[in-house]
Amino acid sequence: MVEALKRLEYRGYDSAGIATIDSDRRLARRRAVGKLVNLSDLLVHEPLAGKSGIGHTRWATHGGPTVTNAHPHRTGRVSVVHNGIIENFRELRAELTDRDVVFETETDTETVVALTEHFLGQGLSPRDAVEQTIARLEGAYALCFLFEGEDDLLIAARKGSPLVIGHGEGEVFVGSDAIALGPLTDRITYLEEGDWAVLRRDAVEIIDAKGNLANRPVQTIQIDATRVDKGGHKHFMAKEIAEQPLVIGECVEAYLRSGALVLPEDLDFKAFDRISIVACGTAYLAGCVARYWFERYARLPVEIDVASEFRYREPPIPARTLTIVLSQSGETADTLAALRYCEGKSQVLSITNVETSSIAREADVNLHIHAGTEIGVASTKAFTCKLTVLAVLALKTAVDRGEMDADTQARHQMELRRVPGLINQALEASQEIARVSMQLSEAQDVLFLGRGQMYPIAMEGALKLKEISYIHAEGYASGELKHGPIALIDNSVPVIVLAPSDGLFDKTVSNMQEVMARDGRVLLITDAKGAAFAKEGVWNCVVMPDVPELLAPIVYAVPAQLLAYHTAVAKGTDVDQPRNLAKSVTVE
């Protein structure tokens, strides 16, 4: 079980724990704070026996990371692990307290296990107790229950958080991600929204949200797609940065074949007058780049929203709108809620890295980014693969709308095929960037500047740096420098300028000169032509390959990633599992 938890540690690592049913059918637990290795060490000294068990790696929501708050939780005969947030736990907790239930933790999850034990105390079976419990829960959850005295029973339930069942020979597994089950089985069933399941070694019974028996399909997954190793690299993030030429090549091949754009036939962009893009975090910034592409090349207006704001401002959605939702995991809670808000109001196109995810299944059309498993919390290859798919979509849109002739389309398609080679060239700057990052690691604040389609890449560079190095960083449109940020400039604040020699290069250099005139330290990231023109007087200059304008955001994302990575390494922070962050945000 610990090995399976290792494959999920990227999702949460504040604490971890395991509960099992031993040979005497007694329930026992072991829990530890911090990384999974601490639990592994505890189990060496205090081993757990049993052939039935549950385990969890926690990302704290209610209650800090302590042993008491760690999962699995237990009350009486019941133990539970839980992903998500129970929104009405305070009301349930007060109700149970009035019945003399004593709580030990600060968590919402303890309410679930206490409520189930309460129903058991009324004489209900484990199955009926769970059914009564989940009927009372409001919020998002993926739950798995283990019962003392029951060595051939697990009960699982999902609402808003993903959950999968793995089928073996005389054994059954439950996981919040198929990646954890890859070494155990290649036969997977994905629970649908509102499903709950009664699991025994020789039988699986699934009940849907309406209380009816559900026949969910068993799918065969590719074991290779769930392999998790660093491939000789020091960190997963380093491996995933290095994999970008390969995975982008696979992505390009999936959507460009024999000189033609290969996309679902029901995607006809003549049917749309506008696009609405909804996403979170790095995916949102990929959408910001795509807005430039759709509007410039296809002349189609684009509105973009952070998913958590979109769903609560309840925007009107005009007819002939295409909604595009972006999510690496396909399980991002706010993005999934935004998708559901759009159902019936517009056609929804999702772009995900997991074809079997909730978002991919619920969208009208899903496009796979072909990035492969991404473990590092700071997204790298998934970001550039999203950009690649969005670039293909922008070309398709331009062609459908008659805004791009055949020759121009062919030229851009040839340029897309060059992306893997261009990224390989960009990666050659890694050692130079590592040298610069040694000095950058001493900064407390960093500004990133970019114009046009480089502006979202500036924001992405700042996000990456703050995520894994804990240095405060902000990305700004270069033209906004004089509207506030220039007040921060002195010789202690490095300014990263992303400036390929495109049509906006001269204006960007002008802004860069304003920084240097105020003793600002400029790191210029540009191509050979840009370096020859503008590197005089800068603190450092990193040279990228010459890149067609359409592709510049994809290629220039690489030095931004490398800056963040090498700075974090120089500072000695946890690159793959930065504090307070989780890879897949399945709660609001």
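Residues numbered from 1 in each chain as written. Predicted model: local features only at pLDDT ≥ 70, side-chain atom pairs only at ≥ 80, totals over all residues. Heavy atoms only, no water.

You'll find the protein chain entered in an unreviewed UniProt entry as Glutamine--fructose-6-phosphate aminotransferase [isomerizing], with Candidatus Rhodobacter oscarellae given as the organism. Listed in UniProt under the heading Catalytic activity (unreviewed entry), the comment for the protein chain reads: "D-fructose 6-phosphate + L-glutamine = D-glucosamine 6-phosphate + L-glutamate". (UniProt positions renumbered as here; feature names shortened; annotations may be inferred.)

What should I look at first to understand the sheet that holds strand β11 (residues 196-200) in this one?
Where strands meet in a sheet, backbone hydrogen bonds hold them as pairs that are either parallel or antiparallel. Here six strands make up an open sheet; going across it, the order is β4-β5-β6-β7-β11-β12 and the pairing antiparallel. Bordering the open sheet on either side are β4 (73-75) and β12 (203-207), each of which pairs with just one other strand. When the angles between neighbouring strand axes are averaged without regard to direction, this sheet yields 20°. The sheet contact formed by β11 and β12 spans five bridges and is antiparallel. (Pairing = 2+ DSSP bridges. Helix = DSSP H or I, 4+ residues; strand = E, 2+ residues; numbered from the N terminus. Axes fitted to C-alpha atoms, helices over the stretch in contact; angles between N-to-C directions.)

I tried to follow the packing of aromatic side chains on my own but got confused; where do I start?
For any pair of aromatic rings, the description rests on two quantities: the centre-to-centre distance and the angle between the ring planes. Using the criterion set out here, one finds four aromatic pairs in the structure. Aromatic pair F145 and F147: ring centres 6.3 Å apart, planes at 10°, arrangement stacked. Given a relative accessible area of 1%, F147 falls into the buried group. Their ring planes at 85° and their centres at 5.7 Å tell us that F310 and Y341 sit as a pair that is edge-to-face. Of the two residues, F310 sits in helix α10 (residues 307-313) while Y341 sits in helix α11 (residues 333-342), which places them 31 residues apart along the sequence. (Phe/Tyr/Trp six-rings, centres within 6.5 Å; stacked < 30°, edge-to-face > 60°. Buried < 20%, exposed > 50% of the residue type's maximum accessible area, 1.4 Å probe, protein only.)

How should I be thinking about the packing of helix α17 (residues 454-469) against helix α20 (residues 552-571) in this particular structure?
What describes two packed helices is the angle between their axes and the distance between those same axes. Taken N-terminus to C-terminus, the directions of α17 and α20 make an angle of 20°; their axes are 9 Å apart at the nearest point. In this view, α17 runs roughly parallel relative to α20, as classed from their interaxial angle. The handedness of the crossing between α17 and α20 is right-handed. Contacts from M454, I457, G461, K464, L465, I468 and S469 in α17 reach A552, P553, Y556, A557, A560, L563, A564, Y565, T567, A568 and K571 in α20. (Parallel < 35°, antiparallel > 145°, perpendicular 65-115°, else oblique. Left-handed = near helix turned anticlockwise from the far one by under 90°. Contact = heavy atoms within 4.5 Å.)

Would you mind showing me how to read empty space enclosed by the protein here?
Where empty space is left in the structure can be found by rolling a water-sized probe over the atoms. As enumerated under the stated definition, the model contains three cavities of 30 Å³ or more in all. The calculated volume of the largest cavity comes to roughly 40 Å³. If you trace the largest cavity, you find it lined by R451, M454, L498, A499, P500, D502, L504, F505 and T508. Lining of the second largest cavity is provided by R29, R31, T68, H73, R74, E104, T105 and E110. The set of elements that each furnish at least two residues to the lining of the second largest cavity consists of β2 (27-33) and β4. Split by residue class, the lining of the second largest cavity holds no nonpolar, three polar and five charged. (1 Å grid on protein atoms, 1.4 Å probe; cavity = no way out; pocket = protein on both sides within 12 Å on 5 of 7 lines; lining within 4 Å. Points joined across faces, edges and corners; volume = space filled by probe spheres on them. Nonpolar A, V, L, I, M, F, W, Y, C, P; charged D, E, K, R; others polar.)

Explanation requested: the domain arrangement of the protein chain in the structure shown.
Buried accessible area, meaning the area lost when the parts come together, often serves as the stated size of an interface. Splitting the protein chain by domain gives domain 1 (64-226), domain 2 (233-404) and domain 3 (427-577). Each of domain 1 and domain 2 has a C-alpha centre, and these two points are 32 Å apart. Counting residues at the interface gives ten residues for domain 1, matched by seven residues for domain 2. Regarding the contact of domain 1 and domain 2, the summed buried area is about 700 Å², with carbon and sulfur atoms giving 43% of it. When residues of domain 1 are sorted by the area they lose upon contact with domain 2, P162, I179 and Y190 head the list and together hold 44% of the total. Taken together, the links from domain 1 to domain 2 amount to two salt bridges. Notably, a salt bridge pairs E192 with R361, separated by 3.5 Å at the nearest N-O pair. Taken together, the links from domain 1 to domain 2 amount to two residue pairs in polar contact (both at pLDDT 80 or more). In terms of residue class, the side of domain 1 that touches domain 2 is built from five nonpolar, two polar and three charged. (Domains from an automatic or database assignment. Buried area = accessible area lost by both parts, 1.4 Å probe. Salt bridge = Lys/Arg side-chain N within 4 Å of Asp/Glu carboxyl O. Polar contact = N/O pair within 3.5 Å; in protein donor to acceptor, adjacent residues only side chain to side chain.)

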